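Analysis of the macromolecular model
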Amino acid sequence: AQSVTQLGSHVSVSEGALVLLRCNYSSSVPPYLFWYVQYPNQGLQLLLKYTTGATLVKGINGFEAEFKKSETSFHLTKPSAHMSDAAEYFCAVSSSGGYQKVTFGTGTKLQVIP
Amino acid sequence: DTGVSQNPRHKITKRGQNVTFRCDPISEHNRLYWYRQTLGQGPEFLTYFQNEAQLEKSRLLSDRFSAERPKGSFSTLEIQRTEQGDSAMYLCASSMTEGNEKLFFGSGTQLSVL
């Protein structure tokens with residue numbers, strides 16, 4: 001069984017400030033972890049993913065996330081928020097090996113204040 | 001590569017009617033997934049195909065829901081005898097068998113049941 005918990009359904013940051021979106025996961029086997037972004041009226045698109053190897057992964061648009069096994073976390077960060085970052089962000093988990101069904105969290109809506 | 005295509009974008013129907021949605025995945029992708037997303041929630045897994053084989057459908061919400069992928073290319077999701085609670089965004093995604101951890105999503109079909 002696998003699940004994802006995203007802390008905070010809404011996060012507001014000022015333009016230029018640090019973005020931190022929190023994600024904790026539960027998985028009975030080594031996980032694959034993802035962050036997806038959804039802009040209004042658009043489909044989800046992959047920001048970044050962790051499968052194996054380096055625990056700090058870099059994605060598109062300056063985002064990065066760190067896999068911390070001891071904390072079962074995969075928080076998403078960006079040093080400086082831009083207005084165009086306003087969107088909904090979903091953390092997701094799937095199981096490594098075999099058939100991988102992706103389970104999504106409930107999402108965090110990011111607001112960027114000018 | 002035109003991405004994952006879903007039709008229609010919007011569907012309004014009366015309670016009790018049947019509806020069918022279509023998904024055209026990226027052509028070289030073997031795997032196809034259906035998800036449902038309601039307001040304020042993350043995508044909820046419904047079913048999954050590898051080529052024409054439906055490998056998991058236990059998550060389909062009730063026996064009113066069915067999905068097909070007859071030739072291993074496009075897929076259809078049918079909801080019979082629609083209910084107001086079926087109102088949601090229905091998302092389709094596809095992926096390669098290898099490196100399947102990256103899902104490519106369509107823009108979804110928004111269903112409104114009156």
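Residues numbered from 1 in each chain as written. Chains lettered and ligands numbered in written order. Predicted model: local features only at pLDDT ≥ 70, side-chain atom pairs only at ≥ 80, totals over all residues. Heavy atoms only, no water.

**Considerations on the overall build of chain A**
In terms of regular secondary structure, chain A is built from zero helices and 11 strands. Traced from its N-terminal end to its C-terminal end, chain A shows the element sequence β-β-β-β-β-β-β-β-β-β-β. For chain A, the C-alpha radius of gyration of 14 Å lies close to 13 Å, the compact-globule estimate for 114 residues. When the backbone C-alpha atoms are referred to their principal axes, chain A occupies close to 45 × 30 × 20 Å. Out of the 114 residues belonging to chain A, those deemed buried represent 47%. (Helix = DSSP H or I, 4+ residues; strand = E, 2+ residues; numbered from the N terminus. Rg over C-alpha atoms; globule rule 2.2 N^0.38 Å. Buried < 20%, exposed > 50% of the residue type's maximum accessible area, 1.4 Å probe, protein only.)

**Observations regarding the nonpolar core**
Grouped together as the largest cluster of nonpolar side chains are 27 residues, with contacts concentrated most on Trp35, Leu48, Phe74, Leu76 and Tyr89 of chain A. For this core, the elements supplying multiple residues, two or more each, are strand 2 (10–14), strand 3 (19–27), strand 4 (31–38), strand 5 (44–50), strand 7 (64–68), strand 8 (73–78), strand 9 (87–95) and strand 11 (108–113) of chain A. Setting aside chain neighbours within four positions, we find Leu48 of chain A in contact with Leu33, Phe34, Trp35, Val57, Lys58, Gly59, Phe63, Glu64, Ala65, Phe74 and Leu76 of chain A. Membership of the second largest hydrophobic core comes to 19 residues, among which are Leu77, Ile79, Ala88 and Tyr90 of chain B. (Core = buried A, V, L, I, M, F, W, Y, C linked by side-chain atoms within 4.5 Å. Contact = heavy atoms within 4.5 Å.)

**With respect to the pattern of salt bridges**
Residues and elements named next belong to chain B. Evaluation of the coordinates by the stated rule reveals six salt bridges over all chains. With a shortest N-O distance of 3.4 Å, Glu83 and Arg64 are connected by a salt bridge. Of this pair, Glu83 sits in the loop between strand 8 (75–79) and strand 9 (88–95) while Arg64 is found in the loop between strand 6 (53–56) and strand 7 (65–68), placing the two residues 19 residues apart along the sequence. On the accessibility criterion, Arg64 (10% relative accessible area) is buried. Salt bridges here are not isolated pairs; linked through shared partners, they connect Arg64, Glu83 and Asp86. (Salt bridge = Lys/Arg side-chain N within 4 Å of Asp/Glu carboxyl O.)

**Overview of the side chain of Asp85 of chain A**
All names here are of chain A. Residue position: Asp85 is located in the loop between strand 8 and strand 9. Its relative accessible area of 2% is what places Asp85 among the buried residues. One polar contact links the side chain of Asp85 to the main-chain amide nitrogen of His82, over a distance of 2.8 Å. Filtering out sequence-adjacent residues up to four positions away, Asp85 remains in contact with Phe63, Lys78, Ser80, Leu110 and Val112. (Polar contact = N/O pair within 3.5 Å; in protein donor to acceptor, adjacent residues only side chain to side chain.)

**Topic: the sheet that holds strand 1 (residues 5–7) of chain B**
All names here are of chain B. Strand order in the open sheet made by the four strands is 1-3-8-7, with antiparallel pairing throughout. For this open sheet the edge positions go to strand 1 and strand 7, each flanked by a neighbour on one side alone. Pairwise comparison of adjacent strand axes, ignoring direction, gives a mean angle of 15 degrees for this sheet. In this sheet, strand 8 lies alongside strand 3 (residues 19–24) in antiparallel orientation, the contact comprising five bridges. Looking across to strand 8, one finds that Thr20 is bridged to Glu78. (Pairing = 2+ DSSP bridges. Axes fitted to C-alpha atoms, helices over the stretch in contact; angles between N-to-C directions.)

**Here we look at the sheet that holds strand 1 (residues 2–7) of chain A**
All names here are of chain A. Reading across from one edge, 1-3-8-7-6 is the order of the five strands in this open sheet, with antiparallel pairing throughout. Either end of the sheet is taken by a strand with one partner, and the two such strands are strand 1 and strand 6 (56–58). Strand after strand, the sheet turns through a mean of 20 degrees between neighbouring axes, direction not considered. Summarising the sheet, strand 6 and strand 7 pair through three bridges and their orientation is antiparallel. In the sheet register, Lys58 faces strand 7, and the bridge partner there is Glu64.

**Considering the state of the cysteines**
Residues and elements named next belong to chain B. Tallied over the full model, the rule gives two disulfides over all chains. Note that Cys23 is cross-linked by a disulfide to Cys92, the S-S spacing being 1.9 Å. Measuring the twist about the S-S bond at about -70 degrees, one finds the Cys23-Cys92 disulfide to be left-handed. Pair noted here: Cys23 is in strand 3 and Cys92 is in strand 9, with a separation of 69 residues, a long-range link. The exposure class of Cys92 is buried, given its relative accessible area of 0%. (Disulfide = S-S within 2.5 Å.)

**Let's talk about the environment of Ser27 of chain B**
Here Ser27 of chain B lies in the loop between strand 3 and strand 4 (31–37). Sequence separation of Ser27 of chain B and Gly40 of chain B is 13 residues, and the distance between their C-alpha atoms is 31 Å.

Remember that the coordinates give geometry; whether it matters functionally is a separate question.
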